[in-house]
Number of protein chains: 2
Amino acid sequence: ALPLPKTTRALTYDAHGSPTRALTLARDLPLPPLGARGALVRWLAAPVNPADLNVVEGVYPLRPASFPAVGGNEGVGVVVRLAADAGDVVVEVGDVVVPAAPGPGGVGGTWREWAVVDASRLRVAPSDLPLAETAQMSVNPPTAFRMLHDFVPMPRLRDDDDDDANLHAVALNAPTSAVGRAAIQLCAMYGVPSVALLRPRAAETEYDADARELKRLGASVVIRDDGAAHRDRETRELLASLPPIKLALNGVGGASSRSLASLLAPRGVVVTYGGMGRKPVEIPVGKSIFEDIEHRGFWLTRWLRDEEAARRR
Amino acid sequence: ALPLPKTTRALTYDAHGSPTRALTLARDLPLPPLGARGALVRWLAAPVNPADLNVVEGVYPLRPASFPAVGGNEGVGVVVRLAADAGDVVVEVGDVVVPAAPGPGGVGGTWREWAVVDASRLRVAPSDLPLAETAQMSVNPPTAFRMLHDFVPMPRLRDDDDDDANLHAVALNAPTSAVGRAAIQLCAMYGVPSVALLRPRAAETEYDADARELKRLGASVVIRDDGAAHRDRETRELLASLPPIKLALNGVGGASSRSLASLLAPRGVVVTYGGMGRKPVEIPVGKSIFEDIEHRGFWLTRWLRDEEAARRR
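Sequence order as written defines residue numbering, which begins from 1 separately in each chain. Starting at A for chains and at 1 for ligands, labels are handed out in the order in which the entities are written. Only residues with pLDDT of at least 70 are given local features in this predicted model, and only at 80 or more are side-chain atom pairs given and counted; all residues enter the totals for whole chains, interfaces and linings. Remark: hydrogens and water are excluded; side-chain values derive from all non-hydrogen atoms of the structure.

1. Focus: the overall build of chain A
For step 1, the next point in the chain: Within chain A, the secondary structure is distributed over 10 helices and 15 strands.
For step 2, the next point in the chain: In this setup the radius of gyration rests on C-alpha atoms only. A globule is expected at 2.2 Å times the number of residues raised to 0.38. Relative to the compact-globule value of 20 Å for 313 residues, chain A shows a C-alpha radius of gyration of 22 Å, a close match.
For step 3, the next point in the chain: In terms of its C-alpha atoms, chain A occupies a principal-axis envelope of roughly 70 × 50 × 40 Å.
For step 4, the next point in the chain: Type-normalised accessible area, obtained with a 1.4 Å probe on protein chains alone, sets the label of each residue: buried when under 20%, exposed when over 50%, and partly exposed for intermediate values. Here chain A holds 313 residues, and 48% of them are scored as buried.
For step 5, the next point in the chain: For chain A, long-range pairs separated by at least 24 residues make up 70% of all intrachain contacts whose partners lie at least 6 apart in sequence.
For step 6, the next point in the chain: In short, Shrake-Rupley with a 1.4 Å probe defines the accessible areas, and a residue's cover is counted only from the protein chains shown. For chain A, the exposed area adds up to about 15200 Å²; of that, 52% sits on carbon and sulfur atoms.
For step 7, the next point in the chain: Here chain A carries 36 positive and 37 negative side-chain charges, and the mean point of each set is 5 Å from the other. Secondary structure is summarised from DSSP: a helix means a run of H or I of at least four residues, a strand means a run of E of at least two, and numbering begins at the N terminus for each. In what follows, a contact means two residues having at least one pair of non-hydrogen atoms within 4.5 Å. We count Lys and Arg on the positive side and Asp and Glu on the negative side, and we leave His and both chain ends out. A single reference atom marks each charge: NZ on Lys, CZ on Arg, CG on Asp, CD on Glu.

Shown next as structure tokens:
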């Protein structure tokens, strides 16, 4: 066997700041020994999420344990070595792996080639999925999954013995985001109609291409997210043909969240998981008072923390 | 006994519209006979709530059963006659009474001198309370009461065997409104600190007088509701001395609701019962995602409807 590396390249930062200035490419970041529970991982791909940039900026509620810190929260790698007694782990040498969780329950920064991590914090990933998709499976798809399940009861899968009486529809903005795309595909899988609010693009051809792509993924209706369009006649008829919209997934805020809330049936829930519009969530007062619209937030890190605490009790 | 009236004066409207134009003073509105369940009531006082004006305007989700309609939802009166077999009622001739509920479960319009109403929809009121206060006890005080109890567990009354570990504080805007004043007094009664966000007034002396009055009612802290003031040092220290703010009562919306939400401790709840600012409720995205702030609506009419439905099951 070839000798194992003692150092790695990594994107590190010594203090919070704008990512383009704060991050540097370290070429010889030392790798610690495996220790009792360690796994040596060759990272193959890691995404850059908006939240990763917020962590570097220091505006995210999670901060690195120490500096220099390595950026990145997700990734896909291969286990190259494993401590002889790694404890209660599910991975083996040669496995394609992803972090069990983002943030504090995870493996630390993933923007690096090599790392020694706590082996219990790795999970085996499907080896037949393309690397780019595998690298992105720890945060956004589970965020979509949990939001679809934790606030409004989801019908059983289409091929089960369905009770259509409880069928509802789901609305979402930021539909081309990773969470949005996952939510649309999951809805299609469950047989739940989805209504995608798509922002106008610079060019109409671009908007049309994105709308077609969303329909290909399974969106039932695509509505222009310009603050008012969902009130035109064609859209109203399309919406009237759907079961009541009981759940709205909001990754934007501002006027877009107001539009989402206005689509909801009485006692529906808006769940906010992001604020790409950098505006507060807006809920129409009348919907709130007279139709009992509820607004909640979702953060996968908190969900994982709560699960972990519940498991320990 | 003097002969009973066959007609009454009343403020009526034949169609929805601006109250100053739509309302007329009818002098001879006929009174029906008592019938099987009727009570003849001499109304003594009735308030004008913003919601009453919205009903006349036709922008409220409740509408009169028919025209001409009589305005008003609340009031205080005296029972002058009662049908011989009025059924399961708790009132007697001579009782000071209020409607059991506003809206559809109530007695219909109260802006009138005399009415024949369903006796089961009246409740005996304390006869030692001033008329103006009695006339206003059916909507705003119970709204404050329910909002203080239904979303975050309220401690037992101060003179009970208290467990201070669960103590929390309550924040509210529109503190000089009828709901606000009731909430502040109830909080004081429960030993729960209250934080009142008070809008700037035209004159500073007016603001100071209102702030003193709120403290007299029991408010622990009065903060200027100008969108940012709660971040000054003195206010931060005052707030730091309180138990965590777990509940916020919002009657305004817009920037004021954003300020309320920003005061909340993690997992706190904003409850909206009014929108006097005519702006959507605003919840900061970060509070929502990272601190699990929840937003709910409260409408007494819906609460009463749900209670009624639950009783029938």
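2. Let's talk about the packing of aromatic side chains
For step 1, the next point in the chain: Working definition: a ring pair exists when centres of Phe, Tyr or Trp rings (six-membered ring for Trp) sit within 6.5 Å. Plane angles under 30 degrees give stacked, over 60 give edge-to-face, the rest tilted. Overall, the coordinates contain eight aromatic pairs over all chains when judged by the stated rule.
For step 2, the next point in the chain: Ring plane angle 70° and centroid distance 5.8 Å describe the contact between A:Tyr13 and A:Phe67, whose orientation is recorded as edge-to-face. In this pair, A:Tyr13 is assigned in strand β1 (residues 7–13) and A:Phe67 in the loop between α2 (50–57) and β4 (69–70), connecting sequence segments 54 residues apart.
For step 3, the next point in the chain: Classification of A:Tyr13 as buried rests on a relative accessible area of 2%.
For step 4, the next point in the chain: Owing to a relative accessible area of 39%, A:Phe67 belongs among the partly exposed residues under this scheme.
For step 5, the next point in the chain: Centroid distance A:Phe290 to B:Tyr60: 5.1 Å. Interplanar angle 75°. Geometry classified as edge-to-face. Taken together, the residues A:Phe290 in helix α9 (residues 285–291) and B:Tyr60 in the loop between α2 (50–57) and β4 (69–70) connect one chain to another.
For step 6, the next point in the chain: One Lys or Arg, A:Arg224, reaches over the ring of A:Tyr207 and ends 4.1 Å from the middle of that ring. Geometrically, a charge over a ring is one whose NZ (Lys) or CZ (Arg) sits within 6 Å of the ring centre while staying within 35 degrees of the ring normal.

3. A few points about the relation of the copies chain B and chain A
For step 1, the next point in the chain: Only residues with pLDDT of at least 70 in both copies count here: their C-alpha atoms drive the least-squares fit that superposes the copies. Superposing chain B onto chain A requires a rotation of 180° together with a translation of 0.0 Å along the rotation axis, leaving an RMSD of 0.1 Å. This pairing of chains is accounted for by a two-fold axis.
For step 2, the next point in the chain: Mapped onto chain A, 100% of the interface residues of chain B again fall at the interface, so both copies present the same surface.

4. With respect to the nonpolar core
For step 1, the next point in the chain: Joining through side-chain atoms within 4.5 Å is the link that ties buried Ala, Val, Leu, Ile, Met, Phe, Trp, Tyr and Cys residues into a set, and such a set is a nonpolar core. With 66 residues, the main nonpolar core has A:Val195, A:Ile245, B:Val195 and B:Ile245 as its most contacted residues.
For step 2, the next point in the chain: Non-local contacts of B:Ile245, meaning those with residues more than four positions away in its chain, are made with B:Ala169, B:Val170, B:Ala171, B:Val195, B:Leu239, B:Leu263, B:Leu264 and B:Ala265.
For step 3, the next point in the chain: Counting residues in hydrophobic clusters, the runner-up holds 32 residues, among them A:Met154, A:Ala196, A:Leu214 and A:Leu217.

5. Some points on the sheet that holds strand β2 (residues 24–30) of chain A
Pairing between the strands of a sheet is mediated by backbone hydrogen bonds and can be parallel or antiparallel.
Residue and element names in this part refer to chain A.
For step 1, the next point in the chain: Strand pairing follows a simple DSSP-based rule, namely that at least 2 bridges must link the two strands. Judged by pairing direction, the sheet is antiparallel, and its three strands sit side by side in the order β2-β1-β4 without closing on themselves. Two strands bound the open sheet, and with one partner strand each, they are β2 and β4.
For step 2, the next point in the chain: In terms of strand pairing, β1 meets β4 through two bridges, oriented antiparallel. When the bridges of β4 are listed, Thr12 appears paired with Val70.

6. Points about the interface of chain B and chain A
For step 1, the next point in the chain: Taken together, the contact pairs 29 residues of chain B with 29 residues of chain A.
For step 2, the next point in the chain: Here the quantity called buried area is the total loss of accessible area, with a 1.4 Å probe, experienced by two parts when brought into contact, counted for both. Between chain B and chain A lies a buried interface of about 2400 Å² when both sides are counted; carbon and sulfur atoms form 58% of it.
For step 3, the next point in the chain: Take a side-chain nitrogen of Lys or Arg and a carboxyl oxygen of Asp or Glu: if they are within 4 Å of each other, that pair is a salt bridge. Here chain B is connected to chain A by four salt bridges.
For step 4, the next point in the chain: A:Asp292 serves as the salt-bridge partner of B:Arg302, at 3.2 Å between the closest nitrogen and oxygen.
For step 5, the next point in the chain: N or O atoms closer than or at 3.5 Å make up a polar contact, with two conditions inside protein: a donor-capable atom paired with an acceptor-capable one, and, for residues adjacent in sequence, both atoms drawn from side chains. Linking chain B to chain A there are nine residue pairs in polar contact (both at pLDDT 80 or more).

7. Structural notes on the UniProt feature "domain: Alcohol dehydrogenase-like N-terminal" (unreviewed entry) in chain A
For step 1, the next point in the chain: UniProt positions are given in the numbering used here, feature names are shortened, and annotations may be inferred rather than shown by experiment. As recorded in UniProt, the sites labelled "domain: Alcohol dehydrogenase-like N-terminal" (unreviewed entry) are residues 38–122 of chain A.
For step 2, the next point in the chain: The span residues 38–122 of chain A carries 9% helix and 32% strand; its end-to-end C-alpha distance comes to 10 Å.

8. Looking at the packing of helix α4 (residues 140–150) of chain A against helix α5 (residues 178–190) of chain A
Residue and element names in this part refer to chain A.
For step 1, the next point in the chain: For every element, the axis is a line fit to its C-alpha atoms; helices are fit only across the contacting stretch, and the angle between N-to-C directions ranges from 0 to 180 degrees. Interaxial distance between α4 and α5 falls to 8 Å at its minimum, and their mutual angle equals 50°. Between α4 and α5, the crossing angle belongs to the class labelled oblique. You can see that α4 and α5 cross each other, and the crossing is right-handed. Here Asn140, Pro141, Thr143, Ala144, Phe145, Met147, Leu148 and His149 of α4 come into contact with α5, specifically with Ala178, Val179, Ala182, Ala183, Leu186, Cys187 and Tyr190. Here roughly perpendicular refers to angles of 65 to 115 degrees, roughly parallel to angles under 35, roughly antiparallel to angles over 145, and oblique to all remaining angles. Rotating anticlockwise by less than a right angle from the far helix to the near helix defines a left-handed crossing, while the corresponding clockwise rotation defines a right-handed one.

9. What to know about the domain arrangement of chain A
Residues and elements named next belong to chain A.
For step 1, the next point in the chain: Along its sequence, chain A is organised into domain 1 (7–135) and domain 2 (140–302).
For step 2, the next point in the chain: Boundary definitions for the domains trace back to an automatic or database domain assignment. The C-alpha centroid of domain 2 is placed 32 Å from the C-alpha centroid of domain 1.
For step 3, the next point in the chain: Across the boundary between the two partners, domain 1 contributes seven residues, which contact five residues of domain 2.
For step 4, the next point in the chain: Carbon and sulfur atoms supply 64% of the area buried between domain 1 and domain 2, which totals about 450 Å² over both sides.
For step 5, the next point in the chain: In this assembly, domain 1 and domain 2 are joined by zero salt bridges.
For step 6, the next point in the chain: Each residue belonging to the side of domain 1 that touches domain 2 can be placed in one class, and the counts come to six nonpolar, one polar and no charged. All amino acids are sorted into three groups, where Ala, Val, Leu, Ile, Met, Phe, Trp, Tyr, Cys and Pro are nonpolar, Asp, Glu, Lys and Arg are charged, and the leftover types, Gly among them, are polar.

10. Remarks on helix α6 (residues 204–217) of chain A
Residues and elements named next belong to chain A.
For step 1, the next point in the chain: One fewer than the residue count of a helix, multiplied by 1.5 Å, yields its expected span. With 14 residues, α6 should cover 20 Å at 1.5 Å per step; its first-to-last C-alpha distance of 20 Å lies within 8% of that length.
For step 2, the next point in the chain: Where α6 is concerned, the buried positions are Tyr207, Ala211, Leu214 and Leu217. Looking straight down α6, one finds its buried side chains confined to an arc of 120°; they lie on one side. Exposed side of α6, more than 90 degrees from the buried face: Thr205, Arg212 and Arg216 are the residues found there.
For step 3, the next point in the chain: Those residues of α6 that are buried are in contact with α5, β10 (194–198) and β11 (221–224).
For step 4, the next point in the chain: In the segment just after α6, Gly218 is the residue with positive phi, at about 130°. Our arc is simply the arc of the directions from the helix axis toward the C-beta atoms.

11. A short note on the side chain of B:Glu74
Residue and element names in this part refer to chain B.
For step 1, the next point in the chain: Along the chain, Glu74 turns up in the loop between β4 and β5 (76–82).
For step 2, the next point in the chain: No salt bridge is formed by the buried Glu74. Its closest oppositely charged neighbour is Arg181, at 13 Å.
For step 3, the next point in the chain: A polar contact of 2.9 Å, which involves the side chain of Glu74, links it to the side chain of Asn49.

12. Description of the pattern of salt bridges
For step 1, the next point in the chain: Tallied over the entire structure, the rule returns 32 salt bridges over all chains.
For step 2, the next point in the chain: For the salt bridge of A:Asp210 with A:Arg201, the shortest nitrogen-to-oxygen distance reads 2.8 Å.
For step 3, the next point in the chain: Look at A:Asp210 and you get partly exposed, because its relative accessible area is 21%.
For step 4, the next point in the chain: A salt bridge links A:Glu237 to A:Arg233; the shortest N-O distance between them is 3.1 Å. Of this pair, A:Glu237 and A:Arg233 both sit in helix α7 (residues 233–240), four residues apart, which is roughly one turn of that helix.
For step 5, the next point in the chain: Taken together, the shared-partner salt bridges connect A:Arg267, A:Asp292, B:Arg302 and B:Asp306 into one network.

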